[in-house]
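# Architecture and fold: a report
Spelled out from the first residue to the last, the chains are:
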Amino acid sequence: MAGEGGSAAAAGLLNGGAGEGPGGKRARLGSAPHTLPAGNRVTVVLGAQWGDEGKGKVVDLLSLDADLVCRCQGGNNAGHTVVVDTVEYNFHLLPSGVINHNATSFIGNGVVIHLPGLFDEAEKNLKKGPGLQDWESRTVISDRAHLVFNFHQAVDGIQEQQRQQQGGKNLGTTKKGIGPAYASKASRTGLRICDLLADFNEFSKKFRVLAQQYKTNYPTLNIDTEEELEQLKVYAEKIRPLVKDGVYFMYQALHGPSKKILVEGANAALLDIDFGTYPFVTSSNCTVGGVCTGLGIPPHYIGKVYGVVKAYTTRVGVGTFPTEQNNEIGESLQARGREFGVTTGRKRRCGWLDLVLVKYAHMINGFSALAVTKLDILDTFEEIKVGVEYHLDGKQIPYFPANQELLNKVTVKYKDLPGWRCNTEGARTFADLPAEAQAYIRFIEEYLEVPVKWIGVGKSRKSIIKLF
């Protein structure tokens, strides 16, 4: 039984105070300086353009020293490439850190998962090299993650066809069912991993209802409901050992013994459903806010936020692209950079580095430092241009327009910088880079007021220069 002192303290708390302080003054809750709770901090890696910046390589580098590598949003519409000892691994759902055998990989509740795609991805990478050995024993999946079904993928393609038939532009989706799956989630008709593993009879009833809704809305859609349920029953048992309560799992990771926790963002800032070039975006929040909602962690546990910036700009599919170069420059960037989508194989559009766009991404994410990738692709240019201002109706605008029609009308003011006309692939320190390449990096830092921590000059792990 609590003594009188304890009761008085409790009464003080209920009344908004904390008992009598020195001199008879009542102390107030919150009067003490705020300190963050003890616990591990989370490092986040995000794309700062339209994706394909080389996040996988940066995550791979950081994951060598990580205990836990997490995916927080998106699905197998993402494509991350990691090259280790000449072996090229391609990841879509699995975190890029899965090839670190000393780390655990976590797929959070914000990710939408196509189970056949997950196991197919693992199987393909297992054939390439030793990186995926025993991946299942090192992977955890949140029970709150939503499922992507085969009919979601079919609907994705039908929706694109309908947009074209109705005279509009298609969105350039990957047809992986990501948008329809997130739509099911938002309409509260989606099904989650926990549903699949609880009572399969109940799951089957809900699945049939959802499938019928899609058949009604899309008369040309063909769904073999019973065959897909049979497949899902098999996948349920394959995935069961990997599944945990994601919120409790992350809570333990944050509050347990010292751990280095790394979060890999999929897609990129300009593809974010809220902040990207809407409607030509993905269906999830791929900016820093998606880390909290996609993993179930409090914001104050986020530590460093690293932005990954390609040394030029690329984009897959349709949508506004102010610095795009539909000329020999764009073709040279495309050819030298081998700019084809990892997920779709589509040719990427290419243009000069757009620092207005990257600054906008920094406004949202608050980057601690940057990784500038594929600097070596610029090795052959005599002159390099960098977009530094947007002008609309003859006046500079200090913001990134939300409206696509306005964004289509902007003209870009460029800063002309000298090229270096020599091979940088062998550089392993900043001093190894030619003076013009060093100046290019310093210009990026000064414009954005964010330090560059890494520079990529090739495909492999070894081709990264660390500045600090």
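Let us look at the structure shown here.

What counts and what doesn't
Residues numbered from 1 in each chain as written. Predicted model: local features only at pLDDT ≥ 70, side-chain atom pairs only at ≥ 80, totals over all residues. Heavy atoms only, no water. Helix = DSSP H or I, 4+ residues; strand = E, 2+ residues; numbered from the N terminus. Buried < 20%, exposed > 50% of the residue type's maximum accessible area, 1.4 Å probe, protein only. Contact = heavy atoms within 4.5 Å. Areas by Shrake-Rupley, 256 points an atom, 1.4 Å probe, with all protein chains shown as cover. Axes fitted to C-alpha atoms, helices over the stretch in contact; angles between N-to-C directions. Parallel < 35°, antiparallel > 145°, perpendicular 65-115°, else oblique. Left-handed = near helix turned anticlockwise from the far one by under 90°. Nonpolar A, V, L, I, M, F, W, Y, C, P; charged D, E, K, R; others polar. Salt bridge = Lys/Arg side-chain N within 4 Å of Asp/Glu carboxyl O. Core = buried A, V, L, I, M, F, W, Y, C linked by side-chain atoms within 4.5 Å.

Right, let's talk about the overall build of the chain for a bit. Within the chain one finds 14 helices and 22 strands. Taking all 468 residues of the chain together, 53% fall into the buried category. Across the chain, every contact between residues at least 6 apart in sequence was considered, and the portion connecting residues at least 24 apart equals 75%. Accessible surface for the chain amounts to roughly 21200 Å². Of this, 51% is attributable to carbon and sulfur atoms.

With that settled, the discussion passes to the packing of helix H3 (residues 115-126) against helix H8 (residues 225-239). Taken N-terminus to C-terminus, the directions of H3 and H8 make an angle of 55 degrees; their axes are 10 Å apart at the nearest point. One finds that H3 runs oblique with respect to H8. Classified by chirality, the crossing of H8 by H3 is left-handed. Across the interface between the two elements, Leu115, Pro116, Leu118 and Phe119 from H3 touch Leu232, Tyr235, Lys238 and Ile239 from H8. By residue class, the composition of the contact of H3 with H8 is seven nonpolar, no polar and one charged.

By the definition in use, this model includes 20 salt bridges. The partner of Asp60 in a salt bridge is Arg461, with the nearest N and O atoms 2.7 Å apart. Taken as a pair, Asp60 in helix H2 (residues 55-63) and Arg461 in the loop between strand S21 (452-456) and strand S22 (464-466) lie far apart in primary sequence, 401 residues in all. By relative accessible area, which is 1% here, Asp60 ends up buried. Among the residues examined, Arg461 registers a relative accessible area of 27% and is labelled partly exposed. A single salt-bridge network, built from bridges that share partners, covers Asp52, Lys310, Glu339, Arg348 and Lys374.

Counting 75 residues, the largest nonpolar core has Leu375 and Tyr440 as its most contacted members. Those residues in contact with Tyr440 that lie beyond four places of it in its chain are Ala311, Leu353, Leu375, Leu378, Ile384, Val386, Leu417 and Trp420. If you look at the next biggest cluster of nonpolar residues, it comprises 44 residues, including Ile113, Ala145, Leu197 and Leu229.

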